[in-house]
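# Observations on chain architecture
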Amino acid sequence: KEDPRFAIGEEIIDEIKEWVDRDIDFQGFIKKDRIFREKNNGYPGPAGYKIFIPMSYGPENKYFKIEDYVEGVNLTNMEELRRRGHDLKAIVSTLASSYLKQIQQGLVHSDVHVGNFRITDDRRIAILDRNFFLEFDERQKNFYISLLGYSIFGNSEQMASTIADHLNIKDRHRIYN
């Protein structure tokens, strides 16, 4: 029999596996990417920064896609960004609020790391390498928005309770033990 101490971890891993299986399928990628671009291109942040979504092109198959090249400096090169006069706090703030908006919309760029953001001299923040998207239904959107709020305000007990509710866990002590 399975060890009950690991049940919540197994349930979370099963849910993540379901997302990954769904999201690694390139079929329909170009359509999703166009929707993502329409909803997010030009999203404004502080200090004049805006989200920029470069165009992606087919051929639509499971092996590759092409996207427009964006001239700029990757977020990995913070010293160069500072040298060029960029406001790193404003960039991060723009990205954070953009991702909250993406969660609210239910279509989220899922390859999030500093190498996939390029900052242009005219203060556009390009979101690159949009090979995969997470798609959330209403229940999932509410779940992640709640988790973000609880984590921001340090309410770990409410966060655990929200996770238990989301995973339909009746035996709450499994979360705390």
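### A few points about the layout of surface pockets
Size it by volume and the largest pocket reaches roughly 240 Å³. If you trace the largest pocket, you find 14 residues lining it, with Y99, I103, V108, H109 and V112 closest to the centre. Of all the secondary structure elements, the ones that give two or more residues to the lining of the largest pocket are α4 (88-105), β5 (107-109) and α5 (138-152). Among the elements that make up the lining of the largest pocket, the one with the highest residue count is α4 (five residues).

### Some details on the side chain of H109
Mapped onto the elements of the fold, H109 is located in strand β5. For H109, a relative accessible area of 1% gives the class buried. Side-chain polar atoms of H109 contact the side chain of Y99, separated by 2.5 Å.

### Structural notes on unusual backbone geometry
The backbone phi angle of R123 is positive, close to 70 degrees, even though this residue is not glycine. Mapped onto the secondary structure, R123 falls in the loop between β6 (117-119) and β7 (124-127). Taking the relative accessible area as the measure of exposure, R123 reaches 29% and is therefore partly exposed. At D129, a position not held by glycine, the phi torsion is positive, near 55 degrees. The residue D129 is located in the loop between β7 and β8 (133-135) in this model. Accessibility expressed as a relative area gives 26% for D129, which makes it partly exposed.

### A short note on the side chain of K141
With respect to the helices, strands and loops of the structure, K141 is situated in helix α5. For K141, the residues in contact, after removing those within four places along its chain, are I103, Q104, Q105, G106 and F136.

### Details of a nonpolar patch on the surface
Taken together, L100, I145, L148, I152 and F153 make up a surface patch of nonpolar side chains, about 500 Å² in accessible area. Note that L100 resides in helix α4. Overall, L100 belongs to the partly exposed group, its relative accessible area being 34%.

### Some details on the nonpolar core
Core analysis: the largest hydrophobic core is formed by 25 residues, its most contacted members being I51, L75, I91, L95, I125 and I127. Listed by contribution, the elements that provide at least two residues to this core are α2 (29-40), α4, β5, β6, β7 and β8. Per element, the largest residue contribution to this core is six residues, and it comes from α4. Discounting chain neighbours no more than four positions away, the residues touching I127 are F36, I51, F52, I53, P54, S98, Y99, Q102, H109, N116 and F117. Judged by nonpolar contacts, the second largest core, of seven residues, contains L147, I163, A164 and L167.

### Thoughts on the sheet that holds β7
Reading across from one edge, β1-β7-β6-β4 is the order of the four strands in this open sheet, with mixed pairing throughout. The sheet is open, and its two borders are formed by β1 (50-52) and β4 (73-74), each paired with just one other strand. Strands β1, β6 and β7 of the sheet are contacted by α4, whose axis makes an angle of about 50 degrees with β7.

What counts, and at which threshold
Residues numbered from 1 in each chain as written. Predicted model: local features only at pLDDT ≥ 70, side-chain atom pairs only at ≥ 80, totals over all residues. Heavy atoms only, no water. 1 Å grid on protein atoms, 1.4 Å probe; cavity = no way out; pocket = protein on both sides within 12 Å on 5 of 7 lines; lining within 4 Å. Points joined across faces, edges and corners; volume = space filled by probe spheres on them. Helix = DSSP H or I, 4+ residues; strand = E, 2+ residues; numbered from the N terminus. Buried < 20%, exposed > 50% of the residue type's maximum accessible area, 1.4 Å probe, protein only. Polar contact = N/O pair within 3.5 Å; in protein donor to acceptor, adjacent residues only side chain to side chain. Contact = heavy atoms within 4.5 Å. Patch = residues over 30% accessible without salt bridge, like charges linked within 9 Å, V, L, I, M, F, W, Y side chains within 5 Å. Areas by Shrake-Rupley, 256 points an atom, 1.4 Å probe, with all protein chains shown as cover. Salt bridge = Lys/Arg side-chain N within 4 Å of Asp/Glu carboxyl O. Core = buried A, V, L, I, M, F, W, Y, C linked by side-chain atoms within 4.5 Å. Pairing = 2+ DSSP bridges. Axes fitted to C-alpha atoms, helices over the stretch in contact; angles between N-to-C directions.

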